[in-house]
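Commentary on secondary and tertiary structure
Residues per chain, in single letters:
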Amino acid sequence: MKLCNINHTFDYETEKLCRLFLPFERIDIFHTKEADDRLAVTVLEPNKAEAHLTLNGQTMTADEPIEPKADDKAKELAVATALFSCFCTLTGYHPKWGLLTGVRPGKLYARLCEDEGQRKARAYFTDKLFVSEEKLSLCTQCHTQENAIVSLSHPDSFSLYLAIPFCPTRCSYCSFVSHSIEKATDLVQPYVDLLCREIKETAAYAIRHHLRLETVYMGGGTPTTLSASQLTQVLNTVRNEFDCSFLREFTVEAGRPDTITKEKILALKQAGVDRISINPQTMNDEVLRAIGRRHTAAQTVEAFRVARECGMNHINMDLIAGLPGDDPASFRRTIGTVLALDPEAVTVHALSMKRASTLTAEGVFPEIERGKEADIMVSYAREALEQHGLFPYYLYRQSKTVGNLENTGYAKPGKAGYYNVYIMDETHTVLGCGASAVTKLRQPGGPYIERIFNFKYPYEYINRYDELLERKKGIDVFYQTYWPDTFTELSVTKNQD
């Protein structure tokens, strides 16, 4: 498709809006009028915004008035509204999140509530952004829960993220940086050894700047592809190097049920892990095979039983709505099976197919009809989970999701995942360790965020480890700049003496 933006440069927003309806179509942007049989033209005039859309032999035009003293934000909204109206008319599809394309709708809602009050914030979402009452209700519920968790954070708080980029196999919908354990066996122990070194180095920064550790999250990949002894090595390094006296939550993504053993769960327990995630994605064996998972629904049930027997009393389970081969009836059965296990939390994801996923590479794209089915699944999940006493506490959105839907975490009272809220809200600093981890440094008491990126792939992480340590010296620079009074010269590690 050709997207022609005339008299303005709102390219980012208009392109994102086009992708709500055409998630995988190439979009070429021009600032002159072009001709094409798939064409979107937006024009900014002094008193109005116009949009003209041509798709599949049909053409639609819409315009939106602009106040004489409107600022750029209001002009951008008028352009987007006109284009959105054209797309909705020609496709017959009205996204429930309306014009919203951002990852964190809750942050926008929170800011509007703070600046304008809740009534005006709600009106802006429904009247200006065309968000449905259903999604607004979800957003407000999550906003309340997130506020309670965010309020627990202090100016000196931080979270620790540990990346384990290995999986038993690669799922067809996945675009995360991960290696099949079968193809990366020789990398695992060297990676674990260097990760432990990085954890020690990172702990030294936290000590020097008097930071307070609130949550630890080990994700992936699938951390439980590591052996029990390797898990112990990493997790005990965290316990030994960091001050964990303020720790509210220690989470490990057990992830794939086929990696869970009694020995590994006991290793997690002994290291102080108090929350795990067992992620079936679906309890339909045919769908599991279709997405490249080498486990069955029965193995998920068994893994859950083992975790309970080992004393894990805070278990989250991840599900995905919109998987290939799944349908609303099958998804309802998945929800029923999961609720029968009685987990403390369930996270419901809408399928997002990124450019790097196998599904995308093979040309299996989400279409409007598929999005409607996923919407039925997501709505049913909310109803069933709330009836079972699990309530939404955080949400975020990804690009190219079926139905332009969302990912929502549900939990029993007192069982929300704190790290999930902190990372999505960008509440405080997150120190990241491991391949593809990102350190996000949040200015204490201020809005500024600075990022330090680790190398993406395990072989890069191993081969360029010294470069990575040089990058992380930026932590000292950041805190000396934004919080200079807290800096103290301490030994590099706690245990060198």
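Residues numbered from 1 in each chain as written. Predicted model: local features only at pLDDT ≥ 70, side-chain atom pairs only at ≥ 80, totals over all residues. Heavy atoms only, no water.

A word on helix 3 (residues 105-116)
At 3.6 residues per turn, the α-helix brings residues three or four places apart onto the same side. As a reminder, the rule being used: Secondary structure elements follow DSSP: runs of H or I of four or more residues count as helices, runs of E of two or more count as strands, with numbering from the N terminus. Residue count minus one, scaled by 1.5 Å, sets the expected span of a helix. Throughout this description, buried means an accessible area under 20% of the type-specific maximum (1.4 Å probe, protein chains only), exposed means over 50%, and partly exposed covers the range between. Directions drawn from the helix axis to the C-beta atoms are what define this arc. Any two residues having at least one pair of non-hydrogen atoms within 4.5 Å are treated as being in contact.
Compared with the 16 Å implied by 1.5 Å per residue over 12 residues, the 16 Å span of helix 3 between its first and last C-alpha is a close match. Along helix 3, the residues that are buried comprise Pro-105, Gly-106, Leu-108, Tyr-109, Leu-112 and Cys-113. For helix 3, the angular spread of the buried residues around the axis is 160°, confining them to a single face. Facing away from the buried side of helix 3 by more than 90 degrees, the exposed set consists of Glu-114 and Asp-115. If you follow the buried residues of helix 3, they end up packed against helix 4 (118-128), helix 5 (133-150) and strand 14 (391-396). Following helix 3 by one or two positions, Gly-117 has its phi on the positive side, about 95°.

Details of the pattern of salt bridges
Stated precisely, the cut-off is as follows: Salt bridge, as used here: a side-chain nitrogen of Lys or Arg that lies within 4 Å of a carboxyl oxygen of Asp or Glu.
A complete count under the given rule lists 26 salt bridges for this structure. Among the ionic pairs, Glu-344 bridges to Arg-308, the shortest N-O distance being 2.8 Å. With Glu-344 in the loop between helix 11 (328-341) and strand 13 (345-350) and Arg-308 in helix 10 (residues 297-309), this pair connects stretches of sequence that are 36 residues apart. With relative accessibility at 9%, the residue Glu-344 sits in the buried group. On the basis of relative accessible area, Arg-308 is assigned to the partly exposed category, the value being 28%. The partner of Glu-460 in a salt bridge is Arg-464, with the nearest N and O atoms 3.9 Å apart. A residue is classified by how much of its surface remains accessible, and Arg-464, at 32% relative accessible area, is partly exposed. When salt bridges that share partners are traced, they join Lys-96, Glu-134, Lys-135, Asp-375 and Glu-406 into one network.

A closer look at the side chain of Asn-407
Note the cut-off: Residues adjacent in sequence count toward polar contacts only when both atoms are side-chain atoms; beyond that, a polar contact is any pair of N or O atoms within 3.5 Å, and within protein one must be able to donate a hydrogen and the other to accept it.
Summarising the element assignment, Asn-407 is placed in strand 15 (residues 407-411). Residue classification places Asn-407 among the buried residues on the basis of a relative accessible area of 1%. Polar side-chain contacts of Asn-407 include one of 3.0 Å to the backbone nitrogen of Ala-350. Aside from chain neighbours lying at most four places away, what touches Asn-407 is Val-348, His-349, Ala-350, Tyr-394, Leu-395, Tyr-396 and Gln-398.

Thoughts on unusual backbone geometry
A cis amide bond, omega 10°, links Gly-220 with the succeeding residue Gly-221. Within the secondary structure, Gly-221 sits in the loop between strand 9 (212-220) and helix 7 (228-241). A positive phi angle, near 70°, is found at Gln-281, a position not held by glycine. A residue is classified by how much of its surface remains accessible, and Gln-281, at 8% relative accessible area, is buried.

Thoughts on the layout of surface pockets
Over the atoms, a rolled probe matching the size of one water molecule traces out where space is still vacant. The criterion, for reference: A pocket, in this scheme, is an open set of points on a 1 Å grid over the protein atoms alone with protein on both sides within 12 Å along at least 5 of 7 lines, while a cavity is a set where a 1.4 Å probe fits but cannot get out; residues line either one if an atom lies within 4 Å of a point. Grid points are joined across faces, edges and corners, and a volume is the space filled by probe spheres set on the points. Residues are grouped as follows: Ala, Val, Leu, Ile, Met, Phe, Trp, Tyr, Cys and Pro are nonpolar; Asp, Glu, Lys and Arg are charged; every other residue, Gly included, is polar.
Considering only enclosed or pocket space, the second largest pocket measures out at about 1200 Å³ in volume. Contributing to the lining of the second largest pocket are 47 residues, with Lys-16, Leu-20, Leu-99, Leu-100 and Thr-101 lying nearest its centre. Broken down by secondary-structure element, the contributors of at least two residues to the lining of the second largest pocket are helix 1 (11-21), helix 2 (72-91), helix 3 and helix 13 (368-387). Per-element tally for the lining of the second largest pocket: the top contributor is helix 1, with seven residues. Of the residues assigned to the lining of the second largest pocket, the class counts are 22 nonpolar, 11 polar and 14 charged.

What to know about the confidence of the model for the chain
It should be kept in mind that the predicted coordinates are not to be read in detail where pLDDT is low. Keep this limit in mind: What pLDDT expresses is the predictor's confidence in each residue, scored from 0 to 100.
Overall, the predicted model of the chain reaches an average pLDDT of 91, with 92% of residues at or above 70. Low confidence marks residues 356-366, where pLDDT is under 50. Its contacts with residues over four positions away, or in another chain, come to 25 contacts. This stretch, residues 490-497, has a pLDDT under 50; its non-local contacts, to residues over four places away or in other chains, come to 16 contacts.

What about the side chain of Thr-81?
Position of Thr-81 relative to the elements: it lies in helix 2. Thr-81 gets classed as buried once you look at its relative accessible area, which sits at 8%. Setting aside chain neighbours within four positions, we find Thr-81 in contact with Glu-64, Leu-99, Lys-128 and Phe-130.

Some words on empty space enclosed by the protein
With the rule as written, the count across this model stands at three cavities of 30 Å³ or more. Space inside the largest cavity adds up to approximately 70 Å³. As for the largest cavity, its lining consists of Arg-104, Gly-106, Lys-107, Glu-146, Leu-395, Val-421, Met-424 and Asp-425. Those elements giving two or more residues to the lining of the largest cavity turn out to be helix 3 and helix 14 (418-425). A per-element tally of the lining of the largest cavity places helix 14 first, with three residues. The residue inventory of the lining of the largest cavity, partitioned by class, reads three nonpolar, one polar and four charged.

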